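Summary of the model geometry
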Amino acid sequence: MMNIAGFQKEGKWRLVIFPRRKHRPEAFFRKGDARVVVSPGVIDMGGLLITPVKKDFEELGRADVEKIYREVSLEEKTVGDVIAALG
């Protein structure tokens, strides 16, 4: 699983790849008021976290957002191992 963002400038492409561990964080599956409606896609992985529910936007703090990103992203060591294997 991954998200890929592509950018083109002067005929040259740059791809940014976000390897994923999970599609959605566990907070997405909570019940009632504990649920946080967030399902990071490519825009979110690029740093603009979308929360369609106003309550989630108002209540999410830095630690919550960092936890969500850590949970859905591959571990740093795993990404490093893949990059090293590529060459």
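Residues numbered from 1 in each chain as written. Predicted model: local features only at pLDDT ≥ 70, side-chain atom pairs only at ≥ 80, totals over all residues. Heavy atoms only, no water.

A look at the pattern of salt bridges
How we decide: Here, a salt bridge means any Lys or Arg side-chain nitrogen found within 4 Å of an Asp or Glu carboxyl oxygen. Helix and strand labels come from DSSP, where a helix needs a run of H or I of at least four residues and a strand needs a run of E of at least two; each type is numbered from the N terminus. Exposed residues in this analysis have more than 50% of their type's maximum accessible area, buried residues have under 20%, and partly exposed residues fall in between, with area computed by a 1.4 Å probe over protein chains only.
The full count for this structure, using the stated rule, is eight salt bridges. The salt bridge partner of E71 is K22, with a shortest N-O separation of 2.5 Å. One end of the pair, E71, is in helix α3 (residues 62-72); the other, K22, is in the loop between β2 (12-19) and α1 (42-45), with 49 residues separating them in the sequence. For E71, a relative accessible area of 15% corresponds to the buried category.

Re the nonpolar core
Here is the rule we go by: By convention a nonpolar core is built from buried Ala, Val, Leu, Ile, Met, Phe, Trp, Tyr and Cys residues, the set being connected through side-chain atoms within 4.5 Å.
By size, the foremost hydrophobic cluster in this structure holds ten residues: F18, A27, V36, V38, M45, L49, L60, I68, Y69 and V72. When residues of this core are assigned to their parent elements, the largest contribution, three residues, is made by α3.

A closer look at unusual backbone geometry
You will see that E10, though not glycine, has its phi angle at about 50 degrees, which is positive. Examined against the element boundaries, E10 turns out to sit in the loop between β1 (2-9) and β2. Given a relative accessible area of 75%, E10 falls into the exposed group.

Considerations on the side chain of E71
Worth spelling out the cut-off: Residues adjacent in sequence count toward polar contacts only when both atoms are side-chain atoms; beyond that, a polar contact is any pair of N or O atoms within 3.5 Å, and within protein one must be able to donate a hydrogen and the other to accept it. Contacts were defined at the residue level, with two residues in contact if any of their heavy atoms lie within 4.5 Å.
At a separation of 2.5 Å, a polar atom in the side chain of E71 contacts the side chain of K22. Here the side chain of E71 touches E26 through a polar contact of 2.6 Å, landing on its backbone nitrogen. Sequence-distant contacts of E71, that is, excluding residues within four places in its chain, are made with R21, K22, P25 and E26.

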